[in-house]
Amino acid sequence: QFSFLCAMQFGHYSGFVVLLAFRNVYLPRACDFFIEYFSKTQEITHLHHQRYILRTLLMKRCLSWTPGGRRLLTGNQEGEFTLWDGTNFSFELIMSAHDKSFRCMAWSHNQNYLLTSDSGGNIKYWSPSIAPVQSLDSHDGQAIQALNFSPADTKFVSCGDDATVRVWDWGRHTEELVLEGHGWDVKCVQWHPRSSVICSGSKDNLVKLWDPRTGSCLSTLYGHKNTVTKVAWNDNGNWLLTASRDQLIKLYDIRAMRELCSLKGHHKEVTSIAWHPVYETVFASGGMDGTLIYWNIGPKGTEEPASRIPFAHDMAIWDMKWHPVGHLLATGSNDRQTKFWARNRPGTKQGLDDDGLDCADGSADNEILHAEMELGNHVGIVIGRRGATIIAMQRQTKTKMHVDQIRRVLQIEGTAMQIEVVKKRVGALLERVSSDNNEERNGVGAGFGQYGYGL
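The structure presented is a predicted model; accordingly, all values stated were derived computationally and were not measured. (Residues numbered from 1 in each chain as written. Predicted model: local features only at pLDDT ≥ 70, side-chain atom pairs only at ≥ 80, totals over all residues. Heavy atoms only, no water.)

**A look at the pairing of strand β14 (residues 144–149)**
Here is step 1: When you tally the buried positions in β14, you get 6 out of 6 residues, the bulk of the element.
Here is step 2: Where β14 folds back onto strand β15 (residues 155–160) in an antiparallel hairpin, the turn is made up of 5 residues, including Asp153, whose phi is positive at roughly 65 degrees. (Buried < 20%, exposed > 50% of the residue type's maximum accessible area, 1.4 Å probe, protein only. Helix = DSSP H or I, 4+ residues; strand = E, 2+ residues; numbered from the N terminus. Pairing = 2+ DSSP bridges.)

Pasting the structure below:
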């Protein structure tokens, strides 16, 4: 099993940085046991005990491990870099990088340079010490959604909301080709790990393969029925993974140009995917509803999710990156948190022993249950503005909640006592809203009655 190792948030309070640090963070060192343990897991449990919490009001748009994996870089909606210690999970540095919201970041294969982009069409080069080297403006001032280097690091590719894919010369800082063929915003792009092939996905539901030498379109894949949000080449160079807002992940074998499988596990849009750096059949995916899923495909794998965390984040998981060694997964979300995930301690069911959720004694009081509560027409009241109400309630009650807007029910995950507390609080909230509506309706009726109008 895997468990939530820690959550990080950052922000300013009266000019000071607020940092809460706790000890005894378990960091697994034996990556050799990763796949054996992972393959046997049928359900991932999450750890409610947050080891490191850095408060913020800014959501994480993208993240990336530095070369060697000692630090993690995150980019937020204000265009700021935040640098974290990847061993102690502590804050190190924050600096302004872009004038507008971050969109993506990508390291060169030789790990000598970092590329970043923002929502205003700006691309920046950075040295390993996070010092600015070069700045370029492109894509007609539209958001640049993705960047990726060629195998030799002599060129890189970008895509943006101007419906184009552009090939750049790294050394001369010049644009070489503009690949046009998509009918709408291009949301993702990635260069083949060993060949002169570029893959792009767009809001027009299409996945296209390009030849960067001639600028011609080699092939078009029509497998998705909604916006293609992510594409990812496997390190073997033969498999292509695509994710979409149609809630599907598709795996293609480009040698035969055929679809190998269509993976169904998400109930909302798929917003992020990442192949494992060591085991080529393993990858992770994140959804718009904060769900995190681990997959193991291939000869010994399955098309069903190997493990699943329904409430990994409170909101959409915008980006995820595996540690270069593969023992940690970092995720960044719209809920303003960066979380680290790792396999549980050997012999435990839910990760750390002091999280209050382990059931070594078999006590029913600590058993994790699932419950639902009817909301009727008050779905928006429970969610709150930008999800503020449900997020606050989850943090106060230490439960995981999700609102199914189609069925109009509140899904709750927690102990029996926690579920009871949530139901009481939500019930009191709905009762208060209904009472206010009735009073307002009666007041309006009385007002009209004074002038002879009936309701």
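That shown, we press on.
**Overview of the pattern of salt bridges**
Here is step 1: Considering all chains together, one arrives at 16 salt bridges under this definition.
Here is step 2: A salt bridge links Arg166 to Asp162; its shortest N-O distance comes to 2.9 Å.
Here is step 3: Judged by its relative accessible area of 10%, Arg166 falls in the buried class.
Here is step 4: Asp169 serves as the salt-bridge partner of Arg172, at 3.5 Å between the closest nitrogen and oxygen.
Here is step 5: Overlapping salt bridges bring together Lys155, Asp169, Arg172 and Glu176 as one network. (Salt bridge = Lys/Arg side-chain N within 4 Å of Asp/Glu carboxyl O.)

**As for helix α3 (residues 388–397)**
Along an α-helix, a turn takes 3.6 residues, which lines up residues three or four apart on a common side.
Here is step 1: Of all the residues in α3, the buried ones are Ile390, Ile391, Met393, Gln394 and Thr397. Burial along α3 is one-sided: seen end-on, the buried residues are contained in an arc of 165 degrees.
Here is step 2: A positive phi of about 60 degrees marks Lys398, the residue just after α3. (Arc of directions from axis to C-beta.)

**Section: the side chain of Thr164**
Here is step 1: The residue Thr164 is located in strand β16 (residues 164–169) in this model.
Here is step 2: Only 2.9 Å separates the side chain of Thr164 from the side chain of Asp162, close enough to count as a polar contact.
Here is step 3: Excluding residues within four positions of it along the chain, Thr164 makes contact with His139, Ser158, Cys159, Val178, Leu179, Glu180 and Val186. (Polar contact = N/O pair within 3.5 Å; in protein donor to acceptor, adjacent residues only side chain to side chain. Contact = heavy atoms within 4.5 Å.)

**A look at unusual backbone geometry**
Here is step 1: Positioned with a positive phi, Asp153 is a non-glycine residue whose angle comes to about 65 degrees.
Here is step 2: Inspection of the secondary structure assignment puts Asp153 in the loop between β14 and β15.
Here is step 3: Even without glycine at this site, Arg408 takes up a positive phi of about 60 degrees.
Here is step 4: Overall, the relative accessible area of 40% leaves Arg408 in the partly exposed class.

**A few points about the sheet that holds strand β18 (residues 186–191)**
Here is step 1: Read from one edge of the open sheet, 4 strands run β18-β19-β20-β21, paired in antiparallel fashion. At either end of the open sheet lies a strand with only one pairing partner, and these are β18 and β21 (216–221). Strand-to-strand twist in this sheet, taken as the mean axis angle between neighbours without regard to direction, amounts to 25 degrees.
Here is step 2: Inspection of the sheet shows strand β20 (residues 207–211) paired to β21 by 5 bridges, in the antiparallel sense. From the neighbouring strand, Asp211 faces β21, where its bridge partner is Ser216. (Axes fitted to C-alpha atoms, helices over the stretch in contact; angles between N-to-C directions.)

**Considerations on the confidence of the model for the protein**
Here is step 1: Taken over all residues, the pLDDT of the protein has a mean of 80, while the share at 70 or more is 78%.
Here is step 2: Looking over the protein, one finds the lowest element-wise mean pLDDT in strand β3 (residues 16–17), namely 28, and the highest in strand β19 (residues 198–202), namely 97.
Here is step 3: Contacts of residues 6–57 to residues separated by more than four positions or lying in other chains number 152 contacts, the stretch itself having pLDDT below 50.
Here is step 4: This model gives residues 444–455 a pLDDT under 50, and the stretch forms 5 contacts once residues within four places in sequence are excluded. (pLDDT = per-residue confidence, 0-100.)

**Looking at the environment of Tyr252**
Here is step 1: Residue placement: Tyr252 occurs in strand β24 (residues 248–253).
Here is step 2: On the basis of relative accessibility, which here comes to 6%, the residue Tyr252 falls in the buried class.
Here is step 3: It is 5.0 Å that separates the C-alpha atoms of Tyr252 and Leu240, two residues lying 12 residues apart in sequence.
Here is step 4: Leave out the neighbours within four places in its chain, and Tyr252 touches Leu221, Gly223, Asn238, Trp239, Leu240, Thr242, Arg258, Glu259 and Leu260.

**Description of the state of the cysteines**
Here is step 1: On inspection of all chains with the given rule, the structure shows 0 disulfides.
Here is step 2: Cys188 provides the cysteine sulfur closest to Cys159, a residue in no disulfide bond, and the two sulfurs are 6.4 Å apart.
Here is step 3: We classify Cys159 as buried; its relative accessible area is 0%. (Disulfide = S-S within 2.5 Å.)

**Things to note about the nonpolar core**
Here is step 1: Ranked by size, the top nonpolar core spans 18 residues in total, and within it Leu375, Val382, Met401, Val403, Leu410 and Val426 carry the most contacts.
Here is step 2: Elements represented by at least two residues in this core include exactly β33 (369–374), α2 (379–383), α3, β34 (400–404), β35 (409–414) and α4 (416–450).
Here is step 3: For this core, the leading source of residues is α4, giving 4 residues.
Here is step 4: Excluding residues that lie within four positions of it along the chain, Val403 makes contacts with Leu375, Val379, Val382, Ile383, Ile390, Val409 and Leu410.
Here is step 5: Counting 15 residues, the second-largest nonpolar core is a separate cluster that includes Ala243, Ile249, Cys261 and Ile273. (Core = buried A, V, L, I, M, F, W, Y, C linked by side-chain atoms within 4.5 Å.)

**A closer look at the pairing of strand β28 (residues 292–296)**
Here is step 1: Of all 5 residues that make up β28, 5 are buried, and the element is covered over most of its length.
Here is step 2: A two-sided burial pattern is seen for β28, the buried positions comprising Leu292, Tyr294 and Asn296 on one face and Ile293 and Trp295 on the other.
Here is step 3: Between strand β27 (residues 282–287) and β28, which pair antiparallel and follow one another directly, the connecting turn spans 4 residues, one of which, Gly290, has a positive phi of 85 degrees.
Here is step 4: Bridging between β28 and strand β29 (residues 307–309) involves 3 bridges; their strand directions are antiparallel. Among the inter-strand pairings, Tyr294 is bridged to a residue of β29, identified as Ser307.

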